[in-house]
Amino acid sequence: MNHYNVKRIVSNILMENCYIVYDDKNALIIDPGNTYFEVMDFVTKNKLKILAVLLTHGHFDHCLSCKSFQQDGALIYIHKLDEDKLYTDGNLSTMLGIEFPFIHADVTFVEGILNIGEFEVDVIHTPGHSKGSVCYIIGDCFFSGDTFFAQGIGRTDFYDGNFKDMQNSLNKLKSYLKMPYKFYYGH
Ligand SMILES: [Zn+2]
Ligand SMILES: [Zn+2]
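Scope of this entry: the structure provided in the associated data block. Everything quoted here is computed from the prediction, not taken from an experiment. Counting from 1, residues in each chain are numbered in the order their sequence is written. Whichever chain is written first is A, and whichever ligand is written first is 1; the rest continue in order. This being a predicted model, a pLDDT of at least 70 is required before a residue's local features are given, and a value of 80 or more before pairs of side-chain atoms are given or counted; all residues contribute to the totals for chains, interfaces and linings.

In terms of helices and strands, the chain carries four helices and eleven strands. Compactness check: the chain gives a C-alpha radius of gyration of 15 Å against a globular reference of 16 Å for 187 residues, within 12% of the reference. Counting contacts in the chain only where the partners sit at least 6 residues apart, residues at least 24 apart contribute 58% of the total. Strands here mean DSSP runs of E at least two residues long; helices mean DSSP runs of H or I at least four residues long; both are numbered from the N terminus. Note that the radius of gyration is over C-alpha atoms, with the globule rule given as 2.2 Å times the number of residues to the power 0.38. Contacts here follow a simple rule: the backbone-placed C-beta atoms of the two residues must lie within 7 Å.

Written out as structure tokens, the structure is:
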């Protein structure tokens, strides 16, 4: 298992966790909530190049600053079943009266391996919190998004959430939970 450094930045909206996964040169950004300036500060100080932004799902608290990163040239990645949330009310921002800068993703994917620079990213599709929710495994790091947390699991009562799907997803993850990953949660 490759080891990567991980920097957590907590977004001031719904206490969402944004993560910077990095080696000595390059970085992947996972779930940039309202964290653009803090992320840029960190990558500039550490002389890192952002290769991509990976979203665990399309809810606004996880993607609010995607447009800023995309304008800087980073590619935005999301599961194809959550892609439309980036340019519709499906991201739930209107529920809280928050203005969300709409974008279209650069890369949509289903389950499997993504190779981004030197990073190998294993995508596990885990519907339940939303149809296109995923977990990411990168080296020794496991990013669960809103599928599960240190205590408990994500909500399944949003419009495309589903409790039965969530149960299936958690079953699918059982073997991974026994592995010596470091777990990084969405909140
Ligand atoms: Zn969510
Ligand atoms: Zn969330």
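Pairing between two strands requires that DSSP report at least two bridges joining them. Spatially, the five strands line up as an open sheet ordered β7-β8-β9-β10-β11, and their pairing is mixed. Two strands lie at the open edges of the sheet, namely β7 (112-116) and β11 (182-185), each paired on one side alone. Each strand of the sheet is rotated relative to its neighbour by a mean of 25°, with strand direction disregarded. Every angle, taken between N-to-C directions, lies between 0 and 180 degrees, and every axis is a line fitted to C-alpha atoms, over only the stretch in contact when it is a helix.

This part is about the environment of F100. When you line up the elements, F100 lands in the loop between β5 (75-79) and β6 (107-109). For F100, the contacting residues outside a window of four places in its chain are F60, L64, N91 and S93.

Below, the discussion takes up the sheet that holds strand β1 (residues 5-10). Strand order in the open sheet made by the six strands is β1-β2-β3-β4-β5-β6, with mixed pairing throughout. Only two strands of the sheet have a single neighbouring strand rather than two, namely β1 and β6. Taken over all neighbouring pairs, the strand axes of this sheet differ in orientation by 25° on average, direction set aside. Pairing geometry for strand β2 (residues 17-22) and strand β3 (residues 26-30), over four bridges, is antiparallel. Looking across to β3, one finds that Y19 is bridged to I30. Helix α1 (residues 36-45) rests against β1, β2, β3 and β4 (49-54) of the sheet, and its axis sits at about 20° to β2.

Moving on, we come to unusual backbone geometry. Notably, M15 is not glycine yet its phi reads approximately 50°, a positive angle. The topology assignment puts M15 in the loop between β1 and β2. Located in the positive-phi region is D31, a residue other than glycine, with phi close to 55°. You can see D31 is positioned in the loop between β3 and α1. Exposure is read from a count of other C-beta atoms within 10 Å of each residue's own; the residue is exposed at 12 or fewer, buried at 20 or more and partly exposed in between. C-beta atoms are placed from the backbone. Look at D31 and you get buried, because 29 C-beta atoms sit within 10 Å.

The next subject is the nonpolar core. Only buried Ala, Val, Leu, Ile, Met, Phe, Trp, Tyr and Cys residues enter a nonpolar core, and they are joined through C-beta atoms within 7 Å. Of all hydrophobic cores here, the largest spans 41 residues; its most connected members are V21, I29, I30, V53 and L54. Of all the elements, β2 adds the most residues to this core, at five residues. Sequence-distant contacts of L54, defined by excluding residues within four places in its chain, comprise L28, I30, Y77, V121 and Y136.

Sheet topology places β3 next to β4; five bridges connect them, and they run parallel. When the sheet's bridge partners are listed, I29 is paired in β4 with V53. A crossover counts as right-handed when, viewed with the strands pointing away from the observer, the path leading from the first strand over the helix to the second turns clockwise. Between the parallel pair β3 and β4, the chain is carried across by α1, and the sense of this crossover is right-handed. Summarising the sheet, β4 and β5 pair through three bridges and their orientation is parallel. Residue pairing for β5: A52 is matched across the bridge by L75.

The subject of this paragraph is the environment of Y4. Secondary-structure assignment places Y4 in the segment before β1. For Y4, a count of 17 C-beta atoms within 10 Å puts it in the partly exposed group. Spatially, the C-alpha atom of Y4 lies 7.9 Å from that of I138, the residues being 134 residues apart in sequence.

Note on placement: I138 falls in strand β9 (residues 134-138). Each C-alpha atom of the pair I138 and L28 lies 10.0 Å from the other, and the pair is 110 residues apart in sequence. Discounting chain neighbours no more than four positions away, the residues touching I138 are Y4, V21, F119 and V121.

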